[in-house]
Amino acid sequence: MERNLTTRELHVTRKKMWDASMANHAKYINSETQLFDTKYTTDRNCPVCNSSNKRDLFTKSGGVYVACNSCDMVFLSPVFKDEYLEEYYRTNHDVQSEIVEQDNEFYRNLYEKGLTLATKHLPAKGKVLDVGCSAGAFLDIAMRNDWKTYGLELNAKEAIHSRKKGHTVFENTIHKANLSETFDLVTLWDVFEHISDGISFLNSTKKLLRDGGLVFIQSPTKDSLAAKMLQEKCNMFDGLEHVNLYGLDSMKKLAEVTGFELIAYETVISEIGVMNNHLNYEDPYLGNVKEKKGLLGVIDENWLHANHLGYKFQLCLRLVSK
Ligand SMILES: [Zn+2]
């Protein structure tokens, strides 16, 4: 029987995944610098505005997070070269799939909220393509809501699992996918922060969208209060996979340069419990502070999201010009 995991149980599970991921990181670390060995990585400019003017923020598990001095984007530089990142994902896969299998109420609520947001901005329901659909947990919900469901998934096992539930799944990347279909909606659930070249990704997405179609993105954001407060202690910064952490301004800019318009932006997940643990000098994710609703008696969940300070954003980009 399925039961709802408490937030702490979720964090304990994630901690196990995290430790397994970190063990996988270790083989890429240079023992002298304690950073990823430079043979695996490459330096880069800001992925949003291409400025080379950046400042170091902190290191995390071998990776260096920097901020752009021109547009405030936060990103990894150096970043893993594509060939090594692929190798990393292949070996790390078992760790990843366990997370996705957690088809629980916490994720379902987020999927439903995001789908409602996107549907509100479309004339009708139609065809949805989920990029990195894993075992199809989001597509299940879309199907139940009368969408025709499609997915892109590189992992063969997960693609098969997803197909068994009636979804059409292509084992390809968006760049290589040569689909005859066009879609009303393309979704990315906690995927966009893994993509190093967001501009090239959005440009490739255009050919898959019908006129006026939408891209929906959920991603952790560097604008969140938890990220700003916890900095390197925040799980958002993993040093390797989360290569780009956007905020409202950087997503607006990215939309502008790729021919999209940002038409909706909300935040989800308060992380108030995590911040309260941190403020009580406990481990943010494993601490035991009971208060989850309010922060310092002044900030509550509603205020946090009204000010776009939640942990992840959910946004919609509308295609303006191909
Ligand atoms: Zn920039």
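Note that the structure is a prediction, hence the values are computed from the model and not measured.

(A) Representation of the pattern of salt bridges in the model. A complete count under the given rule lists 7 salt bridges for this structure. Ionic pairing is found between Asp-140 and Lys-165, a salt bridge with its closest N-O pair at 2.9 Å. On the criterion of sequence distance, the pair formed by Asp-140 in helix H4 (residues 137–144) and Lys-165 in the loop between helix H5 (156–164) and strand S8 (168–170) is long-range, its members being 25 residues apart. Given the relative accessible area of 32%, Lys-165 is considered partly exposed.

(B) Quick look at the coordination of the zinc ion. Around the zinc ion, the protein contributes the donor atoms Cys-46 (SG), Cys-49 (SG), Cys-68 (SG) and Cys-71 (SG), which lie 2.3 Å from the metal centre. In this structure, the zinc ion is coordinated by 4 donor atoms arranged in tetrahedral fashion, with angles at the metal of 102 to 118°. Donor residues for the zinc ion, ordered by position in the chain, follow C-x2-C-x18-C-x2-C. Here Cys-68 lies in strand S3 (residues 63–68) and Cys-49 lies in the loop between strand S1 (41–42) and strand S2 (54–60), a separation of 19 residues in the sequence. Judged by its relative accessible area of 25%, Cys-49 is partly exposed. On the accessibility criterion, Cys-68 (0% relative accessible area) is buried.

(C) Just the packing of aromatic side chains, in detail. Going through the model one piece at a time under the given rule, you end up with 18 aromatic pairs. Ring geometry for Trp-189 and Phe-216: centres 4.7 Å apart, planes at 45°, overall tilted. A residue pair is termed long-range when its members are at least 10 positions apart, and Trp-189 in strand S9 (residues 183–189) and Phe-216 in strand S10 (residues 209–220) qualify at 27 residues. Each member of the pair Trp-189 and Phe-216 is classed as buried. Taken together, the aromatic side chains of Tyr-28, Phe-36, Tyr-40, Phe-80, Tyr-84 and Tyr-88 make up a single cluster linked through ring pairs.

Rules behind the numbers
- Per-chain numbering applies: the sequence of each chain, read as written, is numbered from 1 onward.
- Owing to the predicted nature of the model, reporting of local features is limited to residues with pLDDT of at least 70; listing and counting of side-chain atom pairs is limited to 80 or more, with chain, interface and lining totals taken over all residues.
- Side-chain figures throughout are based on the complete set of non-hydrogen atoms in the structure, without hydrogens or water.
- Any carboxyl oxygen of Asp or Glu that lies within 4 Å of a side-chain nitrogen of Lys or Arg is treated as forming a salt bridge with it.
- Numbered from the N terminus, helices here are DSSP runs of H or I no shorter than four residues, and strands are runs of E no shorter than two.
- Burial classes: relative accessible area under 20% of the type maximum marks a residue as buried, over 50% as exposed, and values in between as partly exposed (1.4 Å probe, protein chains only).
- Think of the donor list as every N, O and S atom within 2.8 Å of the metal, or within 3.2 Å for Na, K and Ca; water never makes the list, so a site can look incomplete.
- All geometry calls rest on donor angles, where a four-donor set with angles between 85 and 135 degrees is tetrahedral, four- and six-donor sets with opposite donors more than 155 degrees apart and all others between 65 and 115 are square planar and octahedral, and all else is irregular.
- A pair of Phe, Tyr and Trp rings is counted when the ring centres sit within 6.5 Å of each other, with Trp represented by its six-membered ring. The angle between the planes then sorts it: under 30 degrees is stacked, over 60 is edge-to-face, the rest tilted.

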